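For reference, the chains in residue letters:
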Amino acid sequence: MTYTLVLLRHGESEWNAKNLFTGWVDVPLSEKGTEEAKRGGALLTEAGVSPDVLHTSLLRRAITTANLALDAADLHWIPVKRSWRLNERHYGDLQGKDKKQVRDQYGEEQFMLWRRSYDVPPPEIELGSEYSQDADPRYAGEPIPRSEALKQVLDRALPYWESEIVPDLKAGRTVLVAAHGNSLRALVKHLDGVDDETIAGLNIPTGIPLVYELDEETLKPTNPGGTYLDPEAAKDAIAAVANQGK
Ligand SMILES: O=C(O)[C@@H](CO)OP(=O)(O)O
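Being a predicted model, the structure only gives us computed values, none of them experimental. (Residues numbered from 1 in each chain as written. Predicted model: local features only at pLDDT ≥ 70, side-chain atom pairs only at ≥ 80, totals over all residues.)

Colleague: Quick question: what am I supposed to make of the overall build of the chain here?
Modeller: A count of helical and extended segments in the chain gives eight helices and six strands. Each helix and strand of the chain, ordered N terminal to C terminal, gives the series β-α-α-β-α-β-α-α-α-β-α-β-β-α. The C-alpha atoms of the chain give 17 Å as radius of gyration, which agrees with the globular expectation for 246 residues (18 Å, within 12%). For the C-alpha atoms alone, the extent of the chain along its principal axes is close to 50 × 40 × 35 Å. A total of 246 residues make up the chain; the buried ones form 41% of that total. Contacts in the chain between residues at least 24 apart in sequence constitute 78% of all its contacts with a sequence separation of at least 6. (Helix = DSSP H or I, 4+ residues; strand = E, 2+ residues; numbered from the N terminus. Rg over C-alpha atoms; globule rule 2.2 N^0.38 Å. Buried ≥ 20, exposed ≤ 12 C-beta atoms within 10 Å, placed from the backbone. Contact = placed C-beta atoms within 7 Å.)

Colleague: Before we go on, may I ask you to explain the site of the ligand in this structure?
Modeller: Neighbouring the ligand are the residues Asn16, Phe21, Thr22, Gly23, Glu88, Tyr91, Arg115, Gly181, Asn182, Val241 and Gln244. Grouping the amino acids of the shell around the ligand by side-chain chemistry returns three nonpolar, six polar and two charged. (Near = placed C-beta within 6 Å. Nonpolar A, V, L, I, M, F, W, Y, C, P; charged D, E, K, R; others polar.)

Colleague: What exactly am I supposed to notice about the packing of helix 6 (residues 150-170) against helix 7 (residues 181-192) here?
Modeller: The packing of two helices is summarised by the inter-axis angle and the distance between the axes. Where helix 6 meets helix 7, the axes come as close as 9 Å, and the angle between the chain directions of the two elements is 70°. If you check the angle between helix 6 and helix 7, you find them roughly perpendicular. Counted together, Leu150, Val153, Leu154, Ala157, Leu158 and Trp161 of helix 6 and Asn182, Ser183, Arg185, Ala186, Leu187, Lys189 and His190 of helix 7 form the full contact between these two elements. Of the residues in the contact of helix 6 with helix 7, the class split is eight nonpolar, three polar and two charged. (Axes fitted to C-alpha atoms, helices over the stretch in contact; angles between N-to-C directions. Parallel < 35°, antiparallel > 145°, perpendicular 65-115°, else oblique.)

Colleague: Got a minute to help me understand helix 2 (residues 31-47) in this structure?
Modeller: One turn of the α-helix equals 3.6 residues, which is why residues spaced by three or four share an orientation. Counted at 1.5 Å a residue, the expected span for helix 2 with its 17 residues is 24 Å, and the 25 Å between its end C-alpha atoms agrees. Those residues of helix 2 that sit buried are Gly33, Glu36, Ala37, Arg39, Gly40, Gly41, Leu43 and Leu44. Contacts from the buried residues of helix 2 go to strand 1 (2-9) and helix 3 (60-72). One or two steps after helix 2, the chain reaches glycine 48, where phi turns positive at roughly 70°. (Expected span 1.5 Å × (residues − 1).)

Colleague: What's the story with the UniProt feature "site: Transition state stabilizer" (unreviewed entry) in the chain in this structure? I'm lost.
Modeller: As annotated in UniProt, the feature "site: Transition state stabilizer" (unreviewed entry) corresponds to His180 in the numbering used here. Within the secondary structure layout, histidine 180 lies in the loop between strand 4 (175-179) and helix 7. Excluding residues within four positions of it along the chain, histidine 180 makes contact with Arg9, His10, Ser57, Ala62, Asn87 and Glu88. (UniProt positions renumbered as here; feature names shortened; annotations may be inferred.)

Colleague: Before we go on, may I ask you to explain the UniProt feature "active site" (unreviewed entry) in the chain in this structure?
Modeller: Here the UniProt-annotated "active site" (unreviewed entry) positions come out as His10 and Glu88. What stands out for the annotated residues spanning 79 residues is how close their C-alpha atoms remain, the widest pair being 10.4 Å apart. Examined against the element boundaries, histidine 10 turns out to sit in the loop between strand 1 and helix 1 (14-18). Under the C-beta neighbour-count criterion, histidine 10 is labelled buried, with 31 such atoms within 10 Å. Once you skip the residues sitting within four places of it in the chain, histidine 10 turns out to touch Leu29, Gly33, Arg61, Ala62, Thr65, Ala178, His180 and Thr206.

Colleague: Mind showing me how you'd approach the environment of glutamate 108 here?
Modeller: You can see glutamate 108 is positioned in helix 5 (residues 108-116). Overall, glutamate 108 belongs to the exposed group, with 11 C-beta atoms counted inside 10 Å. Along the sequence, glutamate 108 and valine 194 sit 86 residues apart, while their C-alpha atoms lie 24 Å from each other.

Colleague: Help me understand the sheet that holds strand 2 (residues 53-56), please; the structure alone is not making it clear to me.
Modeller: Note on sheets: strands pair through backbone hydrogen bonds, and any given pair is parallel or antiparallel. Taken in spatial order, the six strands of this open sheet run 3-2-4-1-5-6, and their pairing is mixed. Here the strands that pair on one side only, and so sit at the sheet edges, are strand 3 (80-82) and strand 6 (227-228). For strand 1 and strand 4, the ladder comprises five bridges, and the chain directions are parallel. Pairing of leucine 5 across the sheet is with valine 175, part of strand 4. Of the strands in this sheet, strand 1, strand 2, strand 3, strand 4 and strand 5 (210-215) touch helix 6, which is tilted by about 150° from strand 4. (Pairing = 2+ DSSP bridges.)

In structure tokens form, the structure reads like this:
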């Protein structure tokens, strides 16, 4: 027997469209992102994948995407759990900055280290600055970061995976996780056992459900890498994410 896990990156956000580093800044979906989210729900229905429970971050682009997708799939009523531990990677002082400008200013190598290396975090954000979340009530009392590399994202997402998502899977529920490019990269790294170098080249497209079947004993994928419900669209969209900032 296998357990079914569906990973869904939010649809395109307004800042994805503008090529800005976003991180924990709570921006809405673009019109295109709204359509992607609805289509994500239609893809679930077409594939006969029916989530029993939803886990999301605390950011509206993931929350709205899940709501739209589940509404399209007639599953708007399923139970929901939310946690900052599924938030996008905190992009530190890069939050709000233009990706191309950062690349031009610091060079391709530094840009890619900050953007995709496993353990080099961007510079820390200044507390109280425009795109800092230190005074945001949704994070009150939580050990929130001032910048994160993928490693720190994995460190804070794993406890949530173990304590909240795994029990749902083990209860036989089909689990939908609606989250972000980098928080999902962290989960994929864990599930597929991707090494620290290879993960730098792995990108997740917006709005296309990625379905994993997990072995009930080991919780390792019986379909390594998962299965995108629209593999052709995923291929193009993955290339577009990889090329951002160019
Ligand atoms: O800006 C961000 O928060 C992320 C996801 O949109 O960007 P990147 O793909 O560059 O890590």
